[in-house]
Amino acid sequence: MDNSMNNVSSLLNKLCKGLSSNPDGAYEMALSYLSSTNDKTSSPLDEKLLCQKIHSRLATISSRDADKFNESFAKLKNTFVLKQRVAVLSLLLELADGAQQSDSTHQLFPVPNLNIANSAVAFSGTTTSSKSTMGSLSWDRNTPKQQNSNPSIPSNNSNMALALQTCDRSNEHTCVRDAVLAATGVKARTNCSWPRPIQILYSRIAHLGFLHDRLKEFIDPASGVMPQGLMGEGLVAAVRDELTEYYRSVALLQSQVCESDGGGGTLRRVCVWAQDPLHRLTWLANITHAAQHKKGGELASCVHRFVNHGDERVAALARRLLTALTYPLLLMLTRWLLHGEIDDPFNEFFIESRSGVPIDRMWHDKYRVRDWMVPSFMCREQAAQILATGKSVVFMREACADLPDQAGEADSTPDHAHHLQHLLAAHTRNGVSSEEESDGAGWWEAGGLREGVGLAHAAAAARLLAALTTHHHLLDHLAAHRRYLLLAQGDFVHHLMTLLQEELNKPATSLYVHNLTCTLEAAVRATNAQFEPPHVLARLHVNLYPNCDGREDSGWDVFALQYRVDGPLGTLFPATCAARYRALFTQLWRVKRIEYALHDAWRDHAILHKRLKGMPEVWGLMRRVSCLRAEALRLCGALQEASCVGAEPAWAELLAAAAARAHLDRLLRLHHRALDRHSIHAMIHHTTQELQSYLGNVLNETLALRSFEQTLHAGINAELERRERYEVLKAERADRGEYAITTADEALDKEKRKIFHQFLASRKADLNVWARTYRGHVTTLILKLALHQEVSLQTLAFRLDYSDFYKRGDAKLHEPLTYQHKRLSEIGLHLAKSKLIDHSKKK
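Below you will find a few notes about this structure. Computed from a prediction, not measured in an experiment: that's the story for all the values here. (Residues numbered from 1 in each chain as written. Predicted model: local features only at pLDDT ≥ 70, side-chain atom pairs only at ≥ 80, totals over all residues. Heavy atoms only, no water.)

### Describing the packing of aromatic side chains
Here the structure, examined in full by the defined rule, presents 13 aromatic pairs. Grouped by ring-pair contacts, the aromatic residues W556, F559, F585 and W589 constitute a single cluster. Directly above the aromatic system of Y367 lies the positively charged group of K366, at a separation of 5.7 Å from the ring centroid. Between R582 and the ring centre of Y545, over which it is positioned, the NZ or CZ distance is 3.9 Å. (Phe/Tyr/Trp six-rings, centres within 6.5 Å; stacked < 30°, edge-to-face > 60°. Lys NZ or Arg CZ within 6 Å of the ring centre and 35° of its normal.)

### Let's talk about unusual backbone geometry
Of note in the backbone geometry, L487 takes a positive phi value of approximately 60 degrees without being a glycine. Of note, L487 is situated in the loop between α22 (474-485) and α23 (490-504). Positioned with a positive phi, R661 is a non-glycine residue whose angle comes to about 60 degrees. (Helix = DSSP H or I, 4+ residues; strand = E, 2+ residues; numbered from the N terminus.)

### Focus on the packing of helix α29 (residues 619-659) against helix α32 (residues 743-787)
Running from amino to carboxyl end, α29 crosses α32 at an angle of 25 degrees, the nearest separation of the two axes being 11 Å. Classified by the interaxial angle, the pair formed by α29 and α32 is roughly parallel. Crossing handedness for the pair α29 and α32: left-handed. Here L621, R624, V625, L628, E631, A632 and L635 of α29 come into contact with α32, specifically with L760, R763, K764, L767, N768, W770, A771, Y774, R775 and V778. In terms of residue class, the contact of α29 with α32 is made up of 11 nonpolar, 1 polar and 5 charged. (Axes fitted to C-alpha atoms, helices over the stretch in contact; angles between N-to-C directions. Parallel < 35°, antiparallel > 145°, perpendicular 65-115°, else oblique. Left-handed = near helix turned anticlockwise from the far one by under 90°. Contact = heavy atoms within 4.5 Å. Nonpolar A, V, L, I, M, F, W, Y, C, P; charged D, E, K, R; others polar.)

### Side note on the environment of C400
With respect to the helices, strands and loops of the structure, C400 is situated in the loop between α17 (380-398) and α18 (407-411). Given the relative accessible area of 3%, C400 is considered buried. Spatially, the C-alpha atom of C400 lies 9.4 Å from that of H471, the residues being 71 residues apart in sequence. Not counting residues up to four positions away in its chain, the partners in contact with C400 are F395, L464, L468, H472 and P568. (Buried < 20%, exposed > 50% of the residue type's maximum accessible area, 1.4 Å probe, protein only.)

### Quick notes on helix α14 (residues 312-325)
Helix length check: α14 (14 residues) gives 20 Å between terminal C-alpha atoms against 20 Å at 1.5 Å per residue, within 8%. Taken across its 14 residues, α14 has 11 buried, putting it largely inside the fold. Those residues of α14 lying buried are V314, A315, L317, A318, R319, R320, L321, L322, T323, A324 and L325. The N-terminus of α14 is capped by D311, whose side-chain oxygen sits 3.1 Å from the backbone nitrogen of R313. (Expected span 1.5 Å × (residues − 1). Polar contact = N/O pair within 3.5 Å; in protein donor to acceptor, adjacent residues only side chain to side chain.)

Dropping the structure here:
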């Protein structure tokens, strides 16, 4: 007998292990079913209903299984092997329900169990009787034993107590039933004759109905508070799942209340059961109230605030809701990172796409991040990475036309795609609560997302820069911009200026682009520019930009070199960038032209100086002009050197980043930074607008010195030619035996010399005025440079006056805000701090 019982127990345990994920609980439930259920007390109707349930369950899976069950059950009825058919079928159905429930969802609300004890709280008309009967009155079969155990109580009092218990039992059952109905929002009329403790318990349970109604209103489309969009639908679906689980728990409670007419279904036990649902529904109502009229990333941020709550239950609830509502965001994010597409019909994604943007401005203007839509669990840097990754994919597809040699690389699934697809598969396989049940982290806080985004950003940036550097020669074009538009190719610039000098001295209206283009090609063939790749030389052109101020400009004022880029490189060199290069070329070309003119003046001076041995009256003036020219030349050289040296680190960093294939946004930032450094040192930046006017005055005065020298040299040459003709005339007369000079010739010569001396005197006076004006402008420029906030410009002021020449001539340069005084102040402050530290150490 014992062996047979052991065999039955082992077989039953084996059955529970095969059908249920919780074999211990299933085994206990099986024992309770088989020991308490008897087919003799069950009706054929129960067996028929049970068969219908099993048949309908199997029919949803497979009609073949349902037919097979009908056939097997018909055979089972005709045999006497199994006596407790209803109990066994009920057990199998319960095990199937338990397995399906464990696979689909976890328990959100507690399962009520009101029959754990047989004590009850009875109603009483007075407080003393209620206290005395609390825990002693019961609705089970032990009540007569308690009544008969006290023989001192009269029989009429016993009958009265029985009647009172029967009445209280009926009122208690009615109150519990109404409370359960009130928990689902069904309004019932409250009996005012109930004692206040009972009314308090009832109101606590009825508060569940109020919270239930608020949640029902939130998920009702007609209420006007339901969130819109796919993410809003995800939140509504999660709340609806919560309510479904709540209904299930209330249904179990109601069934136990109905079955416990003589048991323990008391109001106090219902109130104890209601504590967990009350806590969960309260915070669920708080979350939904905060989420009203929000959508997209703003809705996710609103729910994410509750994830950091100190109560673990609230944090787990918010985590479950957030994981459910952000699943559409995960889909949109994956599609954007992998394919560069935005599928956002309700404007919930934090990346916005704008239409009507040209291809050269696609990277800059077509896509942007909506800051108010970025979820709070995602930092701004991560949002910028996501934006750049999708833009890189779109740029490769549209601007670069997804080059053929990159197709093989695109066919193989990259690592970041595996990470993102793993997140999608995990979310889809395990359902809404998968992240909570597995490792306690949602997809939005998992390391896989951050790693996937980082890998996607690195892969997309490397692939894009590989295409730009390999097939579109990005490094060559960056270097060409610097060499030819920023005048870094010295031999080419000097030779071009030499060839163009005669042509550019003409009025701007008489110039033609095709003539200047031929001169440009000649300059390229004669210098090291001829070794540039063909794709660089083909983009170098001449352009004329007429000024609109109404002045009669010369060719120097309108001439400019232009480097034309198109295709994907238009993103790195857009129209705004081309305008900045044009402004820089104009400023640098002007300084270079002045320097070239001063060198040309020095060459003329050196040639003329050999002929001035017989004209000592001009030696002093020529020496003075030479010194002032050298002064102006040193200033122009300092300006050009400062412009090149100041921007050299920025250009070196840009070229190194391009060679290392950094992401395109970093290249754009470095490119703009290099142009900013050039603009600052060329004094055409928006922060140096005041300096630009002072520098313009200095350059205009320098050009005036060149005009002065041309006039002076022309007058001296005319006087030299006159004196040479006069000497030749004297020699010819002497050879003929005539008088060398006559009185008229001598008077004319004296008159000419007097006019020439007057010319020299006026030139000296003009030179003195020019020197004072020039040095005044230079002094003002040095002072403004010294007071500027840019340290490199302060250093330039120090280099322009390194010998204190201008400082000795103007007291304004003695102000304590100049660079020299700042440097001395910093040295003195450093020494004072060192002495203070040494003094404190000695103490």
